[in-house]
Amino acid sequence: MAEKKEYEGSVADRLERLPFSKFHRNFLLMLTSGEWAESLMLLGNGAILALVASYFAIGGLLSEYALPAFFFVGEFVGSIFFGRLADRNGRKTVFLYNQLLFGGGMLIAGFMPSWWLLGVFVFIGGIGVGGEFPLVDSYGTEVFKGKQRGKRLAMIYTLAVTAAPLIVYLASLTGSMGYYSFRIPLWFMGVSGLVVWVIRLKLHESPRWLEIHGRYKEADKLMTDIE
């Protein structure tokens, strides 16, 4: 039996009337933290590739595309899979699963004894990254007010790109450490992703998604709590 809508207007209207509050600040930080963690690999895979190619003595063209190929194919798969999952099962569900895949994939990759096994887990981590970026846009668009939306999303991506110089600097510090040269940066990525996963356990479902899927009581309760 379909739920009856017992409140006037729409969730979108109620969100548009909200002033910027602690809810918006925490939401902004939760989105930014995930973007930042996953940008470590998105923007730093070239630095990691150099260390992997050196340690495993990978030469020729393989030394140029081995790791990025695994990562970006995973990202492609993740963008398709998680996009559909987010529409069907909710935004929060995907935001938790994708960080587990990214964090777990990168953490395990750091223990692998060969470059191709490392690539398999980088592929898995890439699936998580593929689910993150488009969902940040859609979830952020659903929550932030129309007049603030562009500014908030721009802030998220601006802070996220600070991950690039950090991971490159970390790779420069570990580059002469042999066995640990690329492993420490990968472990750092993995731990960062898992920390974000823990932080996002407090993330609320999108009230607009709840309303669109006819879950009016949950949407109304959530909006009442926010208001």
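What counts and how
- Residues numbered from 1 in each chain as written.
- Predicted model: local features only at pLDDT ≥ 70, side-chain atom pairs only at ≥ 80, totals over all residues.
- Heavy atoms only, no water.
- Helix = DSSP H or I, 4+ residues; strand = E, 2+ residues; numbered from the N terminus.
- Buried < 20%, exposed > 50% of the residue type's maximum accessible area, 1.4 Å probe, protein only.
- Salt bridge = Lys/Arg side-chain N within 4 Å of Asp/Glu carboxyl O.
- Core = buried A, V, L, I, M, F, W, Y, C linked by side-chain atoms within 4.5 Å.
- Contact = heavy atoms within 4.5 Å.
- Phe/Tyr/Trp six-rings, centres within 6.5 Å; stacked < 30°, edge-to-face > 60°.
- Axes fitted to C-alpha atoms, helices over the stretch in contact; angles between N-to-C directions.
- Parallel < 35°, antiparallel > 145°, perpendicular 65-115°, else oblique.
- Left-handed = near helix turned anticlockwise from the far one by under 90°.
- Nonpolar A, V, L, I, M, F, W, Y, C, P; charged D, E, K, R; others polar.

1. Concerning unusual backbone geometry
Phi at A57 is positive, roughly 55°, even though this residue is not glycine. Of note, A57 is situated in the loop between α3 (45-55) and α4 (62-89). Looking at A57, the relative accessible area reads 67%, which means it is exposed.

2. Describing the pattern of salt bridges
By the definition in use, this model includes nine salt bridges. A salt bridge links D220 to R14, with the nearest nitrogen and oxygen atoms 2.9 Å apart. Of this pair, D220 sits in helix α11 (residues 216-226) while R14 sits in helix α1 (residues 11-17), and the two are 206 residues apart along the sequence. Through salt bridges with shared partners, one network takes in R14, D220 and E227.

3. Side note on the nonpolar core
Of all hydrophobic cores here, the largest spans 29 residues; its most connected members are F27, L31, F95, Y139 and I156. Elements with a minimum of two residues in this core: α1, α2 (22-42), α4, α5 (91-109), α6 (115-143), α7 (146-160), α10 (207-212) and α11. Contact partners of I156, with chain neighbours within four places excluded, come to L28, L31, T32, E35, V136 and F144. I48, F56, M106 and A171 belong to the second largest nonpolar core, which has 28 residues in total.

4. Some details on the packing of aromatic side chains
For the structure on display, the rule yields 14 aromatic pairs. Aromatic pair F70 and W115: ring centres 6.4 Å apart, planes at 65°, arrangement edge-to-face. Note that F70 is positioned in helix α4 and W115 in helix α6, a separation of 45 residues in sequence. The interplanar angle of 65° and the centroid separation of 5.2 Å between the aromatic rings of F81 and F82 together place this pair among those described as edge-to-face. For F82, a relative accessible area of 2% gives the class buried. These aromatic residues form a ring-pair network of at least three members: Y55, F56, F111, Y179, Y180, F182 and W187.

5. Section: the packing of α5 against α6
At a minimum axis distance of 7 Å, the contact between α5 and α6 shows a crossing angle of 150°. Judged by the angle between their axes, α5 and α6 are roughly antiparallel. Judged by the sense of rotation from one axis to the other, the crossing of α5 with α6 is left-handed. When grouped by side-chain class, the residues that make up the contact of α5 with α6 number 16 nonpolar, seven polar and three charged.

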